[in-house]
Amino acid sequence: MTADFGELGADGLARVRVTRYVTPLREGGSLPGIVEADDLGTYVCKFRGAGQGVRVLVAEVIVGELARRIGLHTPRLVVLDLDPEIARYEADEEVQDLLNASPGLNLGIDFLPGSFGYDGDPGPGSADPAKVLWLDAFTANVDRSWRNPNLLLWHGDLWVIDHGASLYFHHAWQGGSLAKEGGPERFAQQPWNSDDHVLRQYADQLPAADAEIRRQLDESVFAEVLATVPDEWLEPVPGAETPAALRSAYVSFLTARLRASQWLPVAEVSA
Ligand SMILES: Nc1ncnc2c1ncn2[C@@H]1O[C@H](COP(=O)(O)OP(=O)(O)O)[C@@H](O)[C@H]1O
Ligand SMILES: [Mg+2]
């Protein structure tokens, strides 16, 4: 009898069906919207048809699950099955187009009611801000600036959201970069610039965060994380034609980067 509510897909993320489109989140660049689902949950929906493609959803899942593994707060993720029929009840043409472009599996992020955007004021809660910095450096996330912190405060804690702009190496895979250059080593050596990061002032705590996180992550953890990404979003690219091959490519990129450490920002020495 539990099968109707948040049934686990083979991949481990619950799969639920969208029952209603509620409202767009206008501040988001990717046109996310709030939807309700048949598990009676309310989710922020990231649409597969939003223009940046399913790779953005893959990055959201991988980095969101990594965040959870290293002890950060991040909203629960689900796979939202969308029947574009619901577009019929939508007056807004832009929303109609988005729903029609997104049949099938979309990403759902548990909506945190009453949360508000981090503004640097109440200070991070129990989450370790240096771990957020570490995660963004490791995954080359470029989307956590003062302009756009992608951090929410909720129930006194700091929650990380919006990880679509990380792991950008995968955008070149479609053009054949995976087959041509291999790539994991290149990603491993790629520096990351913390100048714009909203939590850059915590860089002096990175060595401790780094030591702790390196005890929590390894190749097998990456494989578990990749297992949560639905097959449907792992579209073939030259050099990786199946979901399994794509998963193993992501695992090699993450594993190579974990072995390196020059991407980790170094705290500025104050005079
Ligand atoms: N799980 C959530 N709960 C509450 N509000 C959210 C949640 N996810 C996103 N939001 C709000 O919606 C905005 C846009 O979502 P975000 O994931 O940052 O998408 P975008 O890629 O469009 O920036 C966020 O800045 C935040 O204000
Ligand atoms: Mg955002």
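These numbers come from a predicted model, not from an experiment.

Engineer: For this particular structure, what's the right way to read the site of ligand 1?
Structural biologist: Residues in contact with ligand 1 amount to 18 residues; listed here are only the nearest, Gly29, Lys46, Asp110, Leu112 and Asp162. Between Lys46 and ligand 1, the recorded distance is 2.8 Å, taken from a side-chain N or O atom to an oxygen atom. Contacts to ligand 1 include Asp110, whose backbone N or O atom sits 2.8 Å from a nitrogen atom. Expressed as a share of its isolated accessible area of 540 Å², the protein-covered part of ligand 1 is 86%. Taken together, the residues that form the shell around ligand 1 break down as 9 nonpolar, 5 polar and 4 charged.

Engineer: Is there a simple way to explain helix H7 (residues 219-227) in this structure?
Structural biologist: An α-helix turns once per 3.6 residues; consequently, residues spaced three or four apart project the same way. Every buried residue of H7 is listed here: Val221, Phe222, Val225 and Leu226. What you see down the axis of H7 is that its buried residues fit within an arc of 140°, all on one side. The inward-facing, buried residues of H7 abut helix H1 (54-69), helix H3 (129-138), helix H6 (206-216) and helix H8 (243-259).

Engineer: Explanation requested: the layout of surface pockets in the structure shown.
Structural biologist: In this approach, a probe sized like a water molecule rolls over the atoms, and the result shows the empty space that is left. Empty space within the second largest pocket amounts to approximately 210 Å³. For the second largest pocket, the lining is made up of 13 residues, of which Phe169, Ala172, Ser177, Glu181 and Arg186 are closest to its centre. Per-element accounting of the lining of the second largest pocket gives the leading share, 3 residues, to helix H4 (residues 177-181). Taken together, the residues of the lining of the second largest pocket break down into 7 nonpolar, 4 polar and 2 charged.

Engineer: Would you explain the pattern of salt bridges in this entry?
Structural biologist: A pair can form between side chains of opposite charge whenever their charged atoms are brought close. Summed over all chains, the structure comprises 14 salt bridges. Its salt-bridge partner being Glu60, residue Lys46 comes within 2.7 Å of it at the nearest N-O pair. Of the two residues, Lys46 sits in strand E4 (residues 42-46) while Glu60 sits in helix H1, which places them 14 residues apart along the sequence. Across the pair, Glu60 and Lys46 agree in class, each one buried. Linking Arg68 and Glu65 is a salt bridge whose minimum nitrogen-to-oxygen distance equals 3.2 Å. Here Glu65 and Arg68 lie together in helix H1, a separation of 3 residues that amounts to about one turn.

Engineer: Please clarify how empty space enclosed by the protein should be interpreted in this entry.
Structural biologist: This structure, assessed with the given rule, holds 2 cavities of 30 Å³ or more. For the largest cavity, the full set of lining residues is Val54, Arg55, Trp233, Leu234, Glu235, Val237, Leu246 and Tyr250. For the lining of the largest cavity, a count of residues per class yields 6 nonpolar, no polar and 2 charged. The computed volume of the second largest cavity comes to approximately 40 Å³.

Engineer: Would you explain the coordination of the magnesium ion (ligand 2) in this entry?
Structural biologist: The textbook angles at a metal center are 109.5 degrees for a tetrahedron of four donors and 90 or 180 degrees for an octahedron of six. Coordination of the magnesium ion (ligand 2) by the protein involves Asn150 (OD1) and Asp162 (OD), with metal-donor separations of 2.1 to 2.2 Å. Linking Asn150 in the loop between H3 and strand E8 (151-154) with Asp162 in the loop between strand E9 (157-160) and H4, this pair joins segments that are 12 residues apart in sequence.

Engineer: Would you mind going over the packing of aromatic side chains with me for this structure?
Structural biologist: Given two aromatic rings, one states the distance between the centres and the angle between the planes to describe the pair. Counted by the stated rule, this structure contains 14 aromatic pairs. Ring plane angle 35° and centroid distance 6.3 Å describe the contact between Phe187 and Phe253, whose orientation is recorded as tilted. With Phe187 in helix H5 (residues 184-189) and Phe253 in helix H8, this pair connects stretches of sequence that are 66 residues apart. Phe187 sits in the buried class, given a relative accessible area of 2%.

Engineer: Quick question: what am I supposed to make of the side chain of His163 here?
Structural biologist: Turning to its location among the elements, His163 is positioned in the loop between E9 and H4. Once residues within four sequence positions are removed from consideration, His163 is found in contact with Ala59, Glu60, Val63, Gly64, Thr74, Leu135, Asn141 and Arg144.

Engineer: For this particular structure, what's the right way to read unusual backbone geometry?
Structural biologist: Most peptide bonds take the trans form, and the phi angle of most residues other than glycine is negative. With a phi angle near 50°, Asn150 is a residue other than glycine that sits in the positive phi range. Positive phi values are uncommon outside glycine, yet His155 reaches one of about 50°. Assignment of secondary structure puts His155 in the loop between E8 and E9.

Engineer: Just to check I follow, could you spell out the pairing of strand E5 (residues 77-82) for this structure?
Structural biologist: Looking down a regular strand, the side chains alternate between one sheet face and the other. Here E5 lies mainly inside the structure; 5 of its 6 residues are buried. Pairing analysis gives 4 bridges linking strand E2 (residues 14-24) to E5, with the strands arranged parallel. Among the inter-strand pairings, Arg15 is bridged to a residue of E5, identified as Val79. The sheet contact formed by E5 and strand E6 (residues 104-110) spans 6 bridges and is antiparallel.

Cut-offs and rules
- Residues numbered from 1 in each chain as written.
- Chains lettered and ligands numbered in written order.
- Predicted model: local features only at pLDDT ≥ 70, side-chain atom pairs only at ≥ 80, totals over all residues.
- Heavy atoms only, no water.
- Near = heavy atom within 4 Å.
- Polar contact = N/O pair within 3.5 Å; in protein donor to acceptor, adjacent residues only side chain to side chain.
- Areas by Shrake-Rupley, 256 points an atom, 1.4 Å probe, with all protein chains shown as cover.
- Nonpolar A, V, L, I, M, F, W, Y, C, P; charged D, E, K, R; others polar.
- Buried < 20%, exposed > 50% of the residue type's maximum accessible area, 1.4 Å probe, protein only.
- Helix = DSSP H or I, 4+ residues; strand = E, 2+ residues; numbered from the N terminus.
- Arc of directions from axis to C-beta.
- Contact = heavy atoms within 4.5 Å.
- 1 Å grid on protein atoms, 1.4 Å probe; cavity = no way out; pocket = protein on both sides within 12 Å on 5 of 7 lines; lining within 4 Å.
- Points joined across faces, edges and corners; volume = space filled by probe spheres on them.
- Salt bridge = Lys/Arg side-chain N within 4 Å of Asp/Glu carboxyl O.
- Donors = N, O, S within 2.8 Å, 3.2 Å for Na, K, Ca; no water.
- Phe/Tyr/Trp six-rings, centres within 6.5 Å; stacked < 30°, edge-to-face > 60°.
- Pairing = 2+ DSSP bridges.

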